[in-house]
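Geometric and topological summary
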Amino acid sequence: MSIPTSTYRLQLSPEQPFAAARDLVGYLDALGVGTLYCSPILQAAPGSSHGYDVVDPTHANDELGGEAGRRDLVATLRAAGLGVLVDLVPNHMGVAVPAANPSWWSLLREGADSPYAAWYDADLSRPLLIPVLGAPEDVEALTLSDDRSELRYYEHRYPVAPGTGDEGTAQEVHDRQHYRLVHWRRGNAELTYRRFFDVSDLAAVRVDDPEIFDATHAEVLRWRAAGQLDGLRIDHPDGLTAPGAYLRRLRAALDAGEHADRAWLLVEKILGPDEALPLSWPVDGTTGYEALREVQGLFVDPRGEALVDAVAAQHTGVREGLSTVEHAARRLVTDEILVAEMRRIADLVPGGGDDEKVRDAVAELLSSFPVYRSYLPEGRAALDRAVDTAATARPELADIVRTIHAAMVAEPDGHLARRVEQTSGMVTAKGVEDTTFYRWNRFVALNEVGGAPDRFGVSPAEFHAKAAARDAATPATMTTLSTHDTKRSEDVRARLAVLSELTAEWGAFLRTASARHPLPSGRLPSPSLELLAWQSILGAWPITSERLAGYLAKASKEAKLVTAHVDAVPEVDEAIAAWPGQVLGDADAVAEIEAFVAQIDAHGRANALGQKLLQLAGPGVPDVYQGTECYDYSLVDPDNRRPVDFTLRRRLLERLDGGWVPAFDGDDDDRAATKLAVVSAALRLRRFRPELFTGYVPTPASGPAADHAVAFARGGPAGRERLVAVATRLPVGLRAAGGWGDTSLPLPGGADDWTDVITGRPVESGAPLLCAVLDRYPVALLVRPA
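A quick note: this is a predicted structure, and the numbers were derived from the prediction, not measured.

1. Describing the overall build of the protein chain
Helix and strand counts for the protein chain stand at 26 helices and 24 strands. Scaling as 2.2 N^0.38, a compact globule of 786 residues should have a C-alpha radius of gyration of about 28 Å, and the protein chain matches this with 27 Å. The principal-axis extent of the C-alpha atoms belonging to the protein chain is close to 90 × 65 × 55 Å. The contacts in the protein chain between residues at least 6 apart in sequence include a share of 72% that link residues at least 24 apart. With the model as given, the accessible surface of the protein chain reaches about 28,300 Å², and the carbon-plus-sulfur share is 52%. Computing the positive centroid from 80 side-chain charges and the negative centroid from 112, the protein chain places the two 3 Å apart.

2. Focus: the pairing of strand β21 (residues 723-728)
Summarising burial for β21: six of the six residues are buried, a large majority. Because side chains alternate across β21, one face comprises the buried residues L723, A725 and A727, and the other comprises V724, V726 and T728, equally buried. Here strand β20 (residues 709-714) runs beside β21; their pairing, made up of six bridges, is antiparallel. Across the sheet, the residue bridging to F712 is A725, located in β21. Summarising the sheet, β21 and strand β24 (residues 779-783) pair through five bridges and their orientation is antiparallel. What sits directly across from V726, in β24, is A780.

3. Side note on the sheet that holds β24
Spatially, the six strands line up as an open sheet ordered β19-β20-β21-β24-β22-β23, and their pairing is antiparallel. Here the strands that pair on one side only, and so sit at the sheet edges, are β19 (697-698) and β23 (761-762). Helix-sheet contacts for helix α22 (residues 587-617) involve β20, β21 and β24, and the interaxial angle to β24 is about 30°. Its contacts with the sheet put helix α24 (residues 668-688) on β20, β21 and β24, and the angle it makes with β24 is roughly 25°.

4. Details of the pattern of salt bridges
Applying the stated criterion across every chain, the model contains 70 salt bridges. Note that D637 is salt-bridged to K554, the shortest N-O span being 3.1 Å. Of this pair, D637 sits in the loop between β18 (621-625) and α23 (646-657) while K554 sits in helix α20 (residues 545-559), and the two are 83 residues apart along the sequence. The partner of R605 in a salt bridge is D601, with the nearest N and O atoms 3.0 Å apart. Residue R605 and its partner D601 are located together in helix α22, separated by four residues, close to a single helical turn. Among the charged side chains, a network of salt bridges with common partners joins R331, D335, D360, E364, R394 and E396.

5. Details of helix α15 (residues 415-433)
Under the 1.5 Å per step criterion, the end-to-end length of α15 is 27 Å for 19 residues, consistent within 8% with the ideal 27 Å. α15 sits mainly inside the fold: 18 of its 19 residues count as buried.

6. Remarks on the packing of aromatic side chains
Inspection of the entire model under this criterion finds 16 aromatic pairs. Relative to Y193, the ring of W104 has its centre 5.4 Å away and its plane inclined at 70°; by these criteria the two rings are edge-to-face. In this pair, W104 sits in helix α3 (residues 102-110) while Y193 sits in the loop between α5 (187-190) and β12 (195-196), placing the two residues 89 residues apart along the sequence. Its relative accessible area of 2% is what places W104 among the buried residues. Over the face of the ring belonging to Y633 we find R495, whose NZ or CZ atom lies 4.3 Å from the ring centre. Over the ring of F664 we find R605, and its NZ or CZ is 4.5 Å from the ring centre.

7. Notes on the environment of N101
For N101, the position within the fold is in the loop between β6 (92-94) and α3. Taking the C-alpha atoms as reference, N101 lies 6.0 Å from D56; in sequence the two are 45 residues apart. Apart from residues no more than four positions distant in its own chain, N101 is found in contact with V55, M93, G94, V95 and Y120. A polar side-chain atom of N101 sits 3.3 Å from a polar atom in the side chain of Y120.

8. Side note on unusual backbone geometry
Following W541, the chain continues to P542 via a peptide bond in cis, the omega torsion being 0°. The omega torsion of the bond from D637 to P638 falls at 10°, within 30 degrees of zero and hence cis. A positive phi angle is found at L730, which is not glycine, with a value near 55°. Relative to the elements of secondary structure, L730 occurs in the loop between β21 and α25 (731-736). Assessed through its relative accessible area of 4%, L730 is described here as buried.

9. So, the packing of helix α9 (residues 305-316) against helix α18 (residues 503-516)
Where α9 contacts α18, the two axes come as close as 9 Å, and the packing angle between them is 15°. As judged from the angle between their axes, α9 and α18 are roughly parallel. Helix-helix and strand crossings are classified by hand; for α9 and α18 the assignment is right-handed. Taking contact as the criterion, the partners of L307, V308, V311, Q314 and H315 in α9 are, on α18, T503, A504, W506, G507, L510, R511 and S514.

10. Quick word on the side chain of E275
Following the sequence through the fold, E275 ends up in the loop between β15 (264-267) and β16 (285-286). The buried charged residue E275 lacks any salt bridge partner; its closest oppositely charged side chain belongs to K269, at an N-O distance of 4.1 Å. A polar contact of 2.8 Å, which involves the side chain of E275, links it to the backbone nitrogen of G272. Apart from residues lying up to four places away in sequence, E275 is in contact with K269, I270, V371 and R373.

Calculation criteria
- Residues numbered from 1 in each chain as written.
- Predicted model: local features only at pLDDT ≥ 70, side-chain atom pairs only at ≥ 80, totals over all residues.
- Heavy atoms only, no water.
- Helix = DSSP H or I, 4+ residues; strand = E, 2+ residues; numbered from the N terminus.
- Rg over C-alpha atoms; globule rule 2.2 N^0.38 Å.
- Contact = heavy atoms within 4.5 Å.
- Areas by Shrake-Rupley, 256 points an atom, 1.4 Å probe, with all protein chains shown as cover.
- Lys, Arg positive; Asp, Glu negative; His and termini not counted.
- Charge placed at Lys NZ, Arg CZ, Asp CG, Glu CD.
- Buried < 20%, exposed > 50% of the residue type's maximum accessible area, 1.4 Å probe, protein only.
- Pairing = 2+ DSSP bridges.
- Axes fitted to C-alpha atoms, helices over the stretch in contact; angles between N-to-C directions.
- Salt bridge = Lys/Arg side-chain N within 4 Å of Asp/Glu carboxyl O.
- Expected span 1.5 Å × (residues − 1).
- Phe/Tyr/Trp six-rings, centres within 6.5 Å; stacked < 30°, edge-to-face > 60°.
- Lys NZ or Arg CZ within 6 Å of the ring centre and 35° of its normal.
- Polar contact = N/O pair within 3.5 Å; in protein donor to acceptor, adjacent residues only side chain to side chain.
- Parallel < 35°, antiparallel > 145°, perpendicular 65-115°, else oblique.
- Left-handed = near helix turned anticlockwise from the far one by under 90°.

So this is what it looks like as C-alpha cells:
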C-alpha cells in the first residue's frame, strides 16, 4: 500500500466546487501536500453546503461540477503527483427533499412493493411517519398537484401511489398513502425508520445487505477501478448494524482487480483515551481524534487544574463532576430525543414485562457505556462494564439489564445486540459531544471530539508512549488537530491552553468581565453558558458580534438547559443573541478583552506552532484542515466552513520561497506566515524525504528548563536518526523561570551536521543550546543531509 505523506481536507460545496479545488492544486502541490482529502462528493440534497445528505449514490454531485468536473479534478491532481481521498457516507441518505432522492421517492410511492423497499432501515408493516407538519392540524393545509400525482405541503412535495389519487380531497388521498405526514414533534417518539441521531431528514440505509452495499457503492468502486481514487474515509461507522462486516466487504471490493497499491481505508471512529480499534477491522486507522487529544493535552499545564476548578465553581456556584453531567445528558437523550429507539429495543428484550420499566432499563444501560459502543464479540469488556454500572446505579433495574446482557452475549449477531450497539453510540455522541461539552465548561480547550475534559492535560511520558505505539501499530492512521466537526479550531484551543498557566489572571478577568456584562439572569439555571462565552471570546478574538451570536445561539441550544433546537424559548434566544452586540459595542469591555488577549496571544501562538509541528512530524499521516496552515481562530461549524483566503496564503508561500523568514512577533503577514513556514517545511519534507518519518524515540533535553521542551527523533536506526522535532511547552512557565538558560538538546549520535529546515539555519553542535535553536521560533525541525 502507498501511504500518503499527508492530506489536506477541503470542504467542497456549490460555493467551492470541483473547479475551485482544481484551481488550488498548484498551491497544494507547492505547500507539500501529498493527497487531497475531499468532503463527500456524491449527489447531495439541493444546495447542500456539506454533502453528508447524499440523495443519489450513483453519480458525482452535479452542484459540484458533476462527473466531468470530478474527472478533471482527478486528472489535475494526478498530473501534480497528488493522491485522492474521498469522504464516504454509508450510514444514511438525505430525505428532506423526496423528489431529489430517487430511492426514497420510490419507497414513499410504492411502499413495500418498491424496488428500494429493503434499502432503508424502516418498518414497512405500517405507514412511514414523516415528521414535517408545523402543527397537527396542518394536515388540512395539504393540497394536490394539478395532475393529482403529488401531495403538496407548502414547498414540500410527496408522491401519490398509483391508483390512489383519482378521487377525494387531498386529506383523503393522503390517508391512502404508504406514508403519513405528521407533526414534527412526533418524530422523537414514534418514528418508523432509523435515522442519523435525531435528524429525521437523514434516513438510515441497510448497507449490511450485500445487494444494497453493491448498489450504493458501485460508483465509488468504479472510480477505484479506474485508478481515480486512492482511499476512503468512512463516515460514522458506529451507526452501521455490523461495522466490521461492512468494512471487510468494503476492503475486499476496494482491493479487487489489478491495483498497484492497496487502498487507504480510514474510519471516523471516536476512540476513548484507552480504547483501540477492533482488531478484526481491515482498516488503516482512524481520522485522528485520539492524536488530537494527546498532542493538544501536552500544552495544558496540569498544575493549573485546581485553580481552574475553583474559578469555574466560584462563577457557576456549583462543583459538578463530569460523570454526573454526562449521565444526566445521556438520559435526556434517551428520555426525550431517542424515545422511538428506546421503544424499539425494549420490544426485543426477552421476557417483556412492565413496558416502562424495560424502557428505563434499556435507557440506563445505554447511558452507562464507557465508550461509544461494543462490537460483539469484540468490545465485550465495555458491555460488561456498562451492565455493572447500570445495575449498580439502579439496582431495581438490575435483573432486566442483566437479561439484556445475557441475550446479547448469547446471540451477538442478533437484533437486540445490534440495536443496543447502534444506539449506544448515538446516546454517547448526542449526550457527550453535543450536550455535555456545552454544559461542563470549566476549561473548554479540552471539550473536544475524542477529548477527555476530566483529564487535565497529557504528560510528556504519556505523549511519547502513545506516539511510539502509533508508529509501531498504526503508522498509516490519520492524525488531525482541526476538522469540520471540531468544537473549535486548533489555534483557539492552543490560545485557551495558556489559561492553564495563567489561572489567577483568568479568574480576575472573568470576574471583571462578567460583572460588566452578565448574561440575562433569571432564565439560566447556571451561568455555564457565560463561562463558555468568555472563553470563546478570548480564544477566537478578534471576533465579530455576528459570529459570536451565531456560535452562542448554537451552543445554548446544544446545551439544552434554557433553550433548545426543539423547545426554543424566544425571550431567552433573543437575550443571548443581543449579548454579543452589547459586549462588543462597549469600548471599555473591548479594551479589557484586547489587553488580556495581548497577554496570552504570543504564548498561544507558541503552543499552536508546537502542537502543529508535533502532529506533522510525528507518527501517522497528518491532515491539514482547510486554511489552518495559517493561524485560524474558528469556532464550531458553520463558523469553521467560512471561505478561506487562499490568495493570501499563495502570496505568503511565494514570499517564503523567496527567502523571507517572517518574524514571530511581526505584523499580521509575519504572524500568519510563521505557521505557514512550519507547515510547508514539514509537509515538503514528508513528501520528498519520506524515509525520515519512520521510527520514534523521545529525545530529552538536558538542563534547568528541560521540562519545557518536548522532542523526538525519527528516520534511522537507534542513535543514528536523521530527524529531530522540538517544541516549546508551557511557555508562560518558561518565561517566568528566566528562559532556556543553559538547557541543551543532545542530538542522536552527537552528529553536528544538522539544519533547521524551517529557518534554513545550521545547528552549531551535537548538543546545541535551546536558547540558540529556538531563539527565532518556539519550534525547530532539525534534519541531517540525505
